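A structural walkthrough
The lines below spell out each chain.
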Amino acid sequence: MRAAQRIKGAIPGSAWATLADWRGFVWRRLLKPEVDSNGQELLVRIAIQRARSGSPWITVDGPSLATADQLRAQGILRKNDLFPDRYCPEHDVLEDWALLFYVQREFAEHSQQPAALFARLGSRLMVRRAFRQFFGELLESDKRNEGVAFIRLAFTEALGGKEWREEVANAMLGSSCAVDALRQTQAFWTDASGERLRTLCHVLRIAYLGKPPRDGEPERPFWPGWNALMTFIQAQGDGFLREHARTVTALLLDWRHAVTPECSAPQGLAAAAALVRGLWQIAIEGGERFEKYWTDDEWQHT
């Protein structure tokens with residue numbers, strides 16, 4: 001990336017503390033928003049318009065053309081050869097960072113009103129992906145419990161919408177502190193109906209099962225969310241397992257392909273083994289109880 005080559009001088013140790021700190025440091029060095037925010041705002045505007053329109057090139061209005069040309073000279077924007085008022089980010093990384101900056105700013109202003117925040121962000125995939133990354137990073141450095149508080153609001157506010165609640169769960173399960181986040185929001189995932197537990201299992205299934213490299217091979221789970229959810233379920237005790245035996249069985253069936261000849265003890269094995277032992281105790285209590293918890297098809301896979 002040409003723009004990064006312009007960064008000069010010593011890099012403070014604090015810039016390496018987290019990925020977000022490093023990204024913020026480079027962003028400020030490149031765009032210098034404290035001196036002139038026009039470049040930053042134009043880059044963010046172009047990234048958002050590309051995400052929402054799907055157009056590869058964005059038309060820049062007349063008053064902003066001088067700023068656009070300056071960003072082009074700095075290696076931050078690229079100019080269309082045929083239409084001189086159309087630009088796009090020079091590199092995908094810059095576009096991703098611009099979307100992250102946008103999401104972070106929107107969250108700071110509207111985190112107390114999840115429905116309003118989600119309405120402002122829209123439903124475009126690139127923006128939702130940026131939100132997942134931002135929110136996962138927030139949870140991992142959540143000294144003020146902003147992320148945990150937002151989870152509670154998002155799953156309490158009826159207007160939030162299923163799609164965005166799943167994005168919040170996705171970000172949580174993809175973070176390195178998923179176990180802690182689940183524990184701090186325990187009441188939401190242990191509702192008697194089991195709906196929210198099924199939501200977590202559904203998110204793992206659609207987001208964290210890797211496509212097989214070859215035909216005939218199973219989808220394999222990845223990322224720490226599987227271990228986090230199984231550890232969380234185990235900690236709820238025997239009564240919870242009995243109430244949600246079908247859901248937990250389906251979760252284990254999705255996870256089982258994590259064990260391979262190359263990786264015989266994947267992350268989550270201990271929690272999975274404990275859940276299997278609990279399910280086995282339920283299964284051997286008698287035929288009547290077996291039929292209560294599982295269908296014949298589920299039993300054949302356990």
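Note on numbering: residues in each chain are counted from 1, in written sequence order. Residue-level local features of this predicted model are given only where pLDDT is at least 70; pairs of side-chain atoms are given and counted only at 80 or more, and the full residue set underlies all totals for whole chains, interfaces and linings. Side-chain descriptors were evaluated using all non-hydrogen atoms of the structure, hydrogens and water having been removed beforehand.

**Section: the overall build of the chain**
Per the secondary structure count, the chain includes 17 helices and five strands. Every residue pair with non-hydrogen atoms within 4.5 Å of one another is taken to be in contact. Taking contacts inside the chain between residues at least 6 apart in sequence as the whole, the part at least 24 apart equals 63%. By element, 51% of the accessible surface of the chain is carried by carbon and sulfur atoms, the whole surface being about 16,000 Å². Strands here are runs of E lasting at least two residues and helices are runs of H or I lasting at least four, both read from the DSSP assignment and numbered beginning at the N terminus. For accessible areas, the Shrake-Rupley method is used with a probe of radius 1.4 Å. Any residue's cover is judged against the shown protein chains and nothing else.

**Some points on helix α3 (residues 65-73)**
Each residue's exposure class comes from its accessible area (1.4 Å probe, protein chains only) as a fraction of the maximum for that residue type: buried when under 20%, exposed when over 50%, partly exposed otherwise. T67, A68 and L71 are the residues of α3 that are buried. Summarising the axial view, the buried residues of α3 lie within an arc of 100°, below the 170-degree limit, and thus occupy one face. Residues of α3 that are exposed and point over 90 degrees away from its buried face: A66 and A73. Where α3 is buried, its residues touch α1 (19-31), α2 (38-53), β2 (77-79) and β3 (86-89). Following α3 by one or two positions, G75 adopts a phi angle in the positive range, close to 80°. The arc refers to the directions leading from the helix axis to the C-beta atoms.

**Some points on the sheet that holds β2**
Read from one edge of the open sheet, three strands run β1-β3-β2, paired in antiparallel fashion. The open sheet is flanked by β1 (58-59) and β2, the only strands paired with a single partner. When DSSP finds two or more bridges between a pair of strands, those strands are recorded as paired. Bridge analysis of β1 against β3 gives two bridges, and the strand direction is antiparallel. Residue pairing for β3: T59 is matched across the bridge by R86. Of the strands in this sheet, β1, β2 and β3 touch α2, which is tilted by about 90° from β3. Note on definitions: angles span 0 to 180 degrees between N-to-C directions of axes, and those axes are lines fitted to C-alpha atoms, for helices only across the stretch in contact.

**Regarding the nonpolar core**
Grouped together as the largest cluster of nonpolar side chains are 80 residues, with contacts concentrated most on F135 and L229. Broken down by element, the residue count for this core peaks at eight residues, all from helix α4 (residues 92-110). Excluding residues within four positions of it along the chain, L229 makes contact with L182, L197, L200, C201, L204 and L251. Here, the term nonpolar core denotes a set of buried Ala, Val, Leu, Ile, Met, Phe, Trp, Tyr and Cys residues that are joined through side-chain atoms within 4.5 Å.

**Comments concerning the packing of aromatic side chains**
Here a Phe, Tyr or Trp ring, Trp counted by its six-membered ring, pairs with any other such ring whose centre lies within 6.5 Å, and the pair is stacked when the planes are under 30 degrees apart, edge-to-face when over 60, and tilted otherwise. Within this structure, the stated rule accounts for 15 aromatic pairs. Plain terms: the ring middles of F118 and W164 are 4.8 Å apart, the flat faces sit at 0° to each other, and that makes the pair stacked. Of this pair, F118 sits in helix α5 (residues 114-121) while W164 is found in helix α8 (residues 162-174), placing the two residues 46 residues apart along the sequence. As far as the burial class goes, F118 and W164 line up, both buried. Three or more aromatic residues link up through ring pairs in this structure, and these residues are F107, F118, F131, F134, F135, F150 and W164. Geometry around F83 places R86 over its ring, the cationic atom sitting 4.0 Å from the centre. A ring is scored as having a charge over it whenever the NZ atom of a lysine or the CZ atom of an arginine sits within 6 Å of its centre and within 35 degrees of its normal.

**Let's talk about the pattern of salt bridges**
Salt bridges are counted wherever a side-chain nitrogen of Lys or Arg sits within 4 Å of a carboxyl oxygen of Asp or Glu. Here the structure, examined in full by the defined rule, presents 17 salt bridges. Here R128 makes a salt bridge to E163, at a shortest N to O gap of 3.8 Å. Here the residue R128 occupies a position in helix α6 (residues 125-140), and E163 occupies one in helix α8, the gap between them amounting to 35 residues. Using a relative accessible area of 16% as the deciding quantity, one classes R128 as buried. Counted as one network, the salt bridges with shared partners bring together R128, R132, E163 and E167.

**What to know about the packing of α5 against helix α7 (residues 146-156)**
Relative orientation and spacing of two packed helices are given, respectively, by the angle between their axes and the distance between those axes. Put simply, α5 and α7 touch, their axes get as near as 9 Å, and they point 90° apart. In terms of their interaxial angle, α5 and α7 are classed as roughly perpendicular. On α7, the residues that touch P114, L117 and F118 of α5 are F150, L153 and A154. Residues were grouped as follows: Ala, Val, Leu, Ile, Met, Phe, Trp, Tyr, Cys and Pro as nonpolar; Asp, Glu, Lys and Arg as charged; and all remaining residues, including Gly, as polar. Considering only residue class, the contact of α5 with α7 consists of six nonpolar, no polar and no charged. Angular relationships are summarised with four words: roughly parallel below 35 degrees, roughly antiparallel beyond 145, roughly perpendicular across 65 to 115, and oblique for the angles in between.

**Remarks on the confidence of the model for the chain**
Chain-level pLDDT for the chain is 89 on average; 88% of the residues reach the 70-or-more range. Mean pLDDT values for the elements of the chain range from 51 in helix α17 (residues 296-301) up to 98 in β1. By definition, pLDDT measures how confident the predictor is in each residue, and it falls between 0 and 100.

**Notes on unusual backbone geometry**
Glycine aside, the phi torsion of most residues is negative, and most peptide linkages are trans. Despite not being glycine, K32 has its phi angle at roughly 45°, a positive value. Tracing the backbone shows K32 in the loop between α1 and α2. With relative accessibility at 41%, the residue K32 sits in the partly exposed group. Its identity as a non-glycine residue notwithstanding, N145 has a phi of 60°, on the positive side. Examined against the element boundaries, N145 turns out to sit in the loop between α6 and α7.

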